[in-house]
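# Fold and geometry: a report
Each chain is listed here by its residues.
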Amino acid sequence: MTRGIVLQGQENGDTAPLIVCESCGERIQDVQLAWVMWRNLQQPDQSTKPAILCKKNHCNAKPEYADFASMELRDFLIDLCRNVGMRQEKDFHEALEMAHLADQL
Ligand SMILES: [Zn+2]
């Protein structure tokens, strides 16, 4: 199974974005039970792919991630939204309204 941020087909034919723990492969369904971790960057223009790890199975506490920088998944997602232009509360309200409408189709 693909891990991290994935798209997965659903029984109704839709495709849904999901997050799967990159260590144990379990789907993350509670934003409060996951961390985003990455190797510290040495230069301002460097970039890296973060690992999204669950707390439920203690994947975030595994020794291979001991020296990684980290942030809560909730904060990562908010920063991500802000960095792609969703900055106002109304942007989030509009997106949530559209998601609720899509759920009713
Ligand atoms: Zn895990």
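What counts, and at which threshold
Residues numbered from 1 in each chain as written. Predicted model: local features only at pLDDT ≥ 70, side-chain atom pairs only at ≥ 80, totals over all residues. Core = buried A, V, L, I, M, F, W, Y, C linked by C-beta atoms within 7 Å. Buried ≥ 20, exposed ≤ 12 C-beta atoms within 10 Å, placed from the backbone. Contact = placed C-beta atoms within 7 Å. Helix = DSSP H or I, 4+ residues; strand = E, 2+ residues; numbered from the N terminus. Expected span 1.5 Å × (residues − 1). Pairing = 2+ DSSP bridges. Axes fitted to C-alpha atoms, helices over the stretch in contact; angles between N-to-C directions.

Now for the nonpolar core. Membership of the largest hydrophobic core is limited to twelve residues, which are Cys21, Ile28, Ala34, Trp35, Val36, Met37, Ala51, Ile52, Leu53, Cys54, Cys59 and Leu73. Filtering out sequence-adjacent residues up to four positions away, Cys59 remains in contact with Cys21, Ser23, Cys24, Leu53 and Cys54.

Turning our attention to helix H1 (residues 73-83). With one of its eleven residues buried, H1 lies for the most part at the surface. Gly85 sits one or two residues past H1 and shows a positive phi near 105°.

To continue, consider helix H2 (residues 89-103). Side chains that are three or four residues apart share a direction in an α-helix, a result of its 3.6 residues per turn. Along its 15 residues, H2 runs 21 Å from first to last C-alpha, staying within 8% of the 21 Å computed at 1.5 Å per residue. Across the 15 residues of H2, zero count as buried, placing the element largely on the outside.

A word on the environment of Cys54. Considering the arrangement of structural elements, one finds Cys54 in strand E4 (residues 51-54). Look at Cys54 and you get buried, because 24 C-beta atoms sit within 10 Å. It is 4.2 Å that separates the C-alpha atoms of Cys54 and Ala34, two residues lying 20 residues apart in sequence. Excluding anything up to four places from it in sequence, Cys54 contacts Cys21, Cys24, Glu26, Ile28, Leu33, Ala34 and Cys59.

Here we have three strands laid out as an open sheet, ordered E4-E3-E5, and antiparallel in their pairing. At either end of the open sheet lies a strand with only one pairing partner, and these are E4 and strand E5 (69-72). Sheet twist, expressed as the average angle between the axes of neighbouring strands with direction ignored, equals 30°. As paired strands, strand E3 (residues 34-38) and E5 are joined by four bridges and run antiparallel to one another. Its bridge partner being in E5, Trp38 is matched across the sheet by Ala69.

With that settled, the discussion passes to the environment of Thr48. The topology assignment puts Thr48 in the loop between E3 and E4. Thr48 sits in the exposed class, given 10 other C-beta atoms within 10 Å. With 45 residues separating them along the chain, Thr48 and His93 place their C-alpha atoms 30 Å apart. Not counting the four nearest positions on each side in its chain, Thr48 is found in contact with Trp38, Arg39 and Leu41.

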